[in-house]
Amino acid sequence: MNDSVRPWPALWALCLGFFMILVDSTIVSVAMPAIMEGLDADLNAVMWVTSAYLVAFAVPLLITGRLGDRFGQRQMYLAGLVVFTASSAWCGFSGGVTMLIVARVFQGIGAAIMTPQTMAVITRVFPPDRRGRAMGAWGAVAGAATLVGPLLGGVLTDSLGWEWIFFVNIPVGVIGFALAWALVPDLPRRSHTFDIPGVVLSGAGVFLLVFGIQEGQKYRWGTMTGFLSIPLLIGLGVVLLAVFVWWQSRTRAEPLVPLRLFRDRNFTLANIAIASMGFAITALVLPLMLFTQLVLGYSPTESALVMTPMAVLTGVLAPSVGRLVDRVHPRYIAGPGLLLLAVSVLWFSLIMEPGVPVWELLLPVALMGVANATIWSPLSATATRNLAMDVAGAGSGVYNTTRQVGAVLGSAAITAAMSARLVAGGLSGAGGGEQAAAGGTQRLPEFMRDAYALAMGQSMLVPAAVLLIGVVAALCFERPSHAGMRPLADRTTEPGRILSPERG
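Everything quoted here is computed from the prediction, not taken from an experiment.

(A) Spatial organisation of the pattern of salt bridges. On inspection of all chains with the given rule, the structure shows two salt bridges. The salt bridge partner of Glu 478 is Arg 265, with a shortest N-O separation of 3.4 Å. Of the two residues, Glu 478 is situated in the segment after α20 (461–475) and Arg 265 in helix α11 (residues 265–295); the sequence distance between them amounts to 213 residues. Residue Glu 478 is classed as partly exposed on the basis of its relative accessible area, which comes to 39%.

See below:
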């Protein structure tokens, strides 16, 4: 390794920006009632504030990893951070829900530019036998960020207003830019071609699928207008994604998703597991936040404080788990962790009733914290440990895309599930949320609380079921090789060895 490269300072500099963009994946959930009141919007419209960010985050990831290889991970990370920080200011100044959704799209694009660079740098500056600890730190940041988001959102919404969940990114972005400029190395670059048809096919397919799922209940899963229908949009999205996979296998140019990556069993299984994790984390937060605020009458801060044990336990335990990843078979860490998370989500669904004491909520919350600590780093280390250097950017892009696509589908699916259960319970499809929006974060009328709590609890069964898919995938991991996937490419550089940056 080049003596001028300092892996750990580079990692911590990248983790600050990575923390910020993951916080923004969940921070909106706790502020949802306040945004509904402030922008005079219904629940379905405000859900697009989250979904638009997640879609814009997920779709470009396949190409932004390659852009990092071509133009430099450091340069692309800094560019993405500028876009993300500027669009955060735009979000805070938005005067209507449509403007906020558009601003969130640009925020998602900035996040998509930044994210694959973090994993690619880790893969390139840390040798395989030290990558587990690095991924442990990265995993701790990922796990803590998705849990700190609601807590930070609650405090800011109560004290300063919902706009400040976005304004807070501005000083963090400036500090993150300075640290990355000073500490992240300029690594060797590789020339790439860019698969534009692949970008169009994957982007259109994901958008149609998400739009169909999220808007399905609104149109009763039938006709929208003219010949357009929800089943048609969902079916077309699936067809476009199938064509995308076919195109990746046939294109003579460099594909967005090198299908040879999936020759490695662990890479394939880790992608399945992280998709289930992304789905569940996104899906479980919203019904929990709505339940605690609209049924139990908690303020945004009180609602978010319920999740404190998760953030604390994840942050405390994740570094120790990262050290274990280099020595213990990952199936024995990630598999039980995903199972514990599924159990905790199911536990929540059973106790979500009006009048439930706070101590009873904190028990599954604590179990979630333990589970989270054992999931992020084993999955990320297992996915990347066998990647050859010439596919590090593509591999990290695919892995992060998979996680984000899982999150997008989780957001869409939980919206559909909540709407369906509210309608079945005799409440409006927009969530007694619409009725409660008149009072912002006021508690629902007593006669609505039982039905609303039941609907939120039943919707939690969706992420619990999806997590079981991740459990099966993690339990099928093979013991990772430390030598890398030599069949994928002939490597002239060993993992962790850094060459001088190319000129020009």
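(B) Expanded view of the environment of Ala 280. Along the chain, the position of Ala 280 falls in helix α11. The buried category is assigned to Ala 280, whose relative accessible area is 0%. For the pair Ala 280 and Ile 414, spaced 134 residues apart in the sequence, the C-alpha separation amounts to 9.4 Å. In this view, Ala 280 contacts Pro 463 and Leu 467; residues no more than four positions away in its chain are not counted.

(C) Representation of the nonpolar core. By size, the foremost hydrophobic cluster in this structure holds 142 residues, and its most contacted members are Phe 291, Leu 361, Tyr 452 and Met 456. The element best represented in this core is α11, accounting for 19 residues. Each residue touching Leu 361, except ones within four places of it in the same chain, is listed here: Phe 291, Thr 292, Leu 296, Tyr 298, Val 306, Phe 348, Ile 351 and Val 356.

(D) Focus on a positive patch on the surface. Together, Arg 130, Arg 133, Arg 323 and Arg 327 make up a region of like positive charge exposed at the surface. One can find Arg 323 in helix α13 (residues 308–325).

(E) Region of the structure containing the packing of helix α19 (residues 446–459) against α20. For the pair α19 and α20, the least separation of the axes is 4 Å and the interaxial angle reads 10 degrees. In this view, α19 runs roughly parallel relative to α20, as classed from their interaxial angle. Between α19 and α20, the residues in contact are Gly 457, Gln 458 and Ser 459 and Leu 461, Val 462 and Pro 463, respectively. Of the residues belonging to the contact of α19 with α20, the class tally is three nonpolar, three polar and no charged.

(F) Layout of unusual backbone geometry. In this structure, Asp 40 takes a positive phi of about 50 degrees despite not being glycine. Here Asp 40 shows up in the loop between α1 (7–38) and α2 (43–58). For Asp 40, a relative accessible area of 72% corresponds to the exposed category.

Rules behind the numbers
Residues numbered from 1 in each chain as written. Predicted model: local features only at pLDDT ≥ 70, side-chain atom pairs only at ≥ 80, totals over all residues. Heavy atoms only, no water. Salt bridge = Lys/Arg side-chain N within 4 Å of Asp/Glu carboxyl O. Helix = DSSP H or I, 4+ residues; strand = E, 2+ residues; numbered from the N terminus. Buried < 20%, exposed > 50% of the residue type's maximum accessible area, 1.4 Å probe, protein only. Contact = heavy atoms within 4.5 Å. Core = buried A, V, L, I, M, F, W, Y, C linked by side-chain atoms within 4.5 Å. Patch = residues over 30% accessible without salt bridge, like charges linked within 9 Å, V, L, I, M, F, W, Y side chains within 5 Å. Areas by Shrake-Rupley, 256 points an atom, 1.4 Å probe, with all protein chains shown as cover. Lys, Arg positive; Asp, Glu negative; His and termini not counted. Charge placed at Lys NZ, Arg CZ, Asp CG, Glu CD. Axes fitted to C-alpha atoms, helices over the stretch in contact; angles between N-to-C directions. Parallel < 35°, antiparallel > 145°, perpendicular 65-115°, else oblique. Nonpolar A, V, L, I, M, F, W, Y, C, P; charged D, E, K, R; others polar.

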